[in-house]
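# Analysis of the macromolecular model
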Amino acid sequence: MSQERPVSMDMNNELAQGEERLATYLARHVKGEAPFPEGQKLLRWIGDNQDQFASVLSFDLKTCRKIVYDFSRNGDVVIGGTSDPARQTELMFAQMAAQDAPVGVGRYREDRICYQSPQFKVGGEARSQHLGIDLFLPAGTPVFMPLDGVVHSFADNDLPLDYGPTIIMEHNPEPGITFWTLYGHLSRESLVGLYEGKPFAKGEELCQFGDYPINGDWIPHLHFQIIFDLLGKRGDYFGAAKPSQWDVWEAICPNANLILQMPENVTASREGV
């Protein structure tokens with residue numbers, strides 16, 4: 001969710017141009033055209049280089065045990081909304097310990113009930129379909145770069161149920177290939193010493209998981225997202241989409257598991273289950 005903050009003339013221009021591009025993508029979709037055909041080249045590059053990505057955690061997400069959660073309905077563990085993050089954190093991490101699972105996972109494309117509050121609704125329809133993948137581990141867990149990048153922007157999005165401290169990294173692995181990754185719900189210490197353009201190498205520690213309430217008042221987790229068009233935004237970005245616009249947003253923010261590469265099914269069906 002975007003937060004009100006002072007913006008410069010250049011930033012206003014960037015946002016206006018981003019809104020125009022998004023309108024173009026939506027119009028293409030209405031006409032039955034590919035909303036963002038430029039993304040195909042980026043998808044091919046990511047697919048061709050999957051074996052080169054490092055884990056964003058200190059252990060291998062390809063081989064470790066996991067619990068993949070379903071937040072499309074109320075279950076034993078509830079996130080966001082009016083839930084108690086302390087109690088829900090206790091429940092989740094007890095489940096993970098009982099199953100010897102070092103990480104819990106929140107799915108891509110999941111239509112979540114926790115995004116039905118007024119702050120997620122625009123024009124009557126909630127932005128409820130998840131554009132990233134969540135990794136649940138204790139606060140303070142370090143996050144590592146999956147590939148080389150530089151800091152594009154960062155911010156403390158400190159409204160309730162927002163991202164909290166957030167970093168957006170820019171990747172330019174070869175000429176003609178540019179995309180971004182977003183890291184949300186971090187600790188405030190993660191932003192100390194950052195500056196736009198600061199380089200980080202693949203495998204280098206970038207940040208740490210935040211704790212509630214600093215992380216937006218959520219169970220400690222990392223929201224990881226791939227972005228093909230920033231739409232003029234800086235330090236913040238849409239983390240969920242309107243279901244009616246999913247095809248457009250999927251083209252702009254493809255499945256984060258393309259980089260994380262977990263073998264489990266961490267993608268919800270179009271029906272949300």
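Note: the structure precedes this text.
Figured I'd write up the structure that's included with this text. Since the structure is predicted, the reported quantities are computational estimates derived from the model, not experimental observations. (Residues numbered from 1 in each chain as written. Predicted model: local features only at pLDDT ≥ 70, side-chain atom pairs only at ≥ 80, totals over all residues. Heavy atoms only, no water.)

### Some details on the environment of asparagine 74
The test is simple: Secondary structure elements follow DSSP: runs of H or I of four or more residues count as helices, runs of E of two or more count as strands, with numbering from the N terminus. The buried label goes to any residue with under 20% of its type's maximum accessible area, the exposed label to any with over 50%, and the partly exposed label to all in between, with areas taken from a 1.4 Å probe on protein chains only.
Among the structural elements, asparagine 74 can be located in the loop between β1 (66-69) and α3 (85-98). We classify asparagine 74 as exposed; its relative accessible area is 57%. Here the alpha-carbon distance between asparagine 74 and isoleucine 113, two residues 39 residues apart in the chain, equals 7.8 Å.

### Describing the environment of glutamine 261
Rules: Note on contacts: a residue pair qualifies if any of its non-hydrogen atoms lie within 4.5 Å across the two residues. Between N or O atoms, a polar contact is any pair within 3.5 Å; within protein, one atom must be a potential hydrogen donor and the other a potential acceptor, and residues adjacent in sequence are included only when both atoms are from side chains.
Structurally, glutamine 261 is set in the segment after α5 (257-260). Classification of glutamine 261 by relative accessible area gives buried; the value is 17%. The sequence separation of glutamine 261 and isoleucine 133 amounts to 128 residues, and the corresponding C-alpha distance is 11 Å. With sequence-adjacent residues up to four places away left out, glutamine 261 is seen in contact with Gln50, Phe53 and Lys62. Of the polar contacts made by the side chain of glutamine 261, one reaches the backbone oxygen of isoleucine 259; its length is 3.5 Å.

### Regarding the pattern of salt bridges
Spelled out, the test is: Put simply, a salt bridge is a Lys or Arg side-chain nitrogen that is within 4 Å of an Asp or Glu carboxyl oxygen.
Applying the stated criterion to the full structure yields 13 salt bridges. Residues arginine 234 and glutamate 14 are paired through a salt bridge, measuring 3.6 Å at the closest nitrogen-oxygen approach. Taken together, the residues span a long stretch of sequence, with arginine 234 in the loop between β13 (221-227) and β14 (240-241) and glutamate 14 in helix α1 (residues 9-30) at a distance of 220 residues. The class of arginine 234 is partly exposed, set by a relative accessible area of 23%. Among the residues examined, glutamate 14 registers a relative accessible area of 31% and is labelled partly exposed. Of the charged contacts, one joins glutamate 90 and arginine 87 as a salt bridge, the two residues approaching to 3.4 Å between their closest N and O atoms. You can see glutamate 90 and its partner arginine 87 sitting in helix α3, 3 residues apart, about one turn around the helix. Within this structure, Asp70, Arg73, Arg107, Glu110, Arg112 and Asp134 form a network of salt bridges that share partners.

### Some thoughts on helix α2 (residues 39-48)
Here is the rule we go by: Note that the arc is defined by the directions from the helix axis to the C-beta atoms.
Burial in α2 covers these residues: Gly39, Leu42, Trp45 and Ile46. Down the axis of α2, the smallest arc covering the buried residues is 120°, so these residues share one side. α2 presents Arg44 and Asp48 as exposed residues on the side facing more than 90 degrees away from its buried surface. Where α2 is buried, its residues touch β9 (164-174), β10 (177-184) and α5.

Interpretation note: all reported values are geometric properties and have no functional meaning in isolation.
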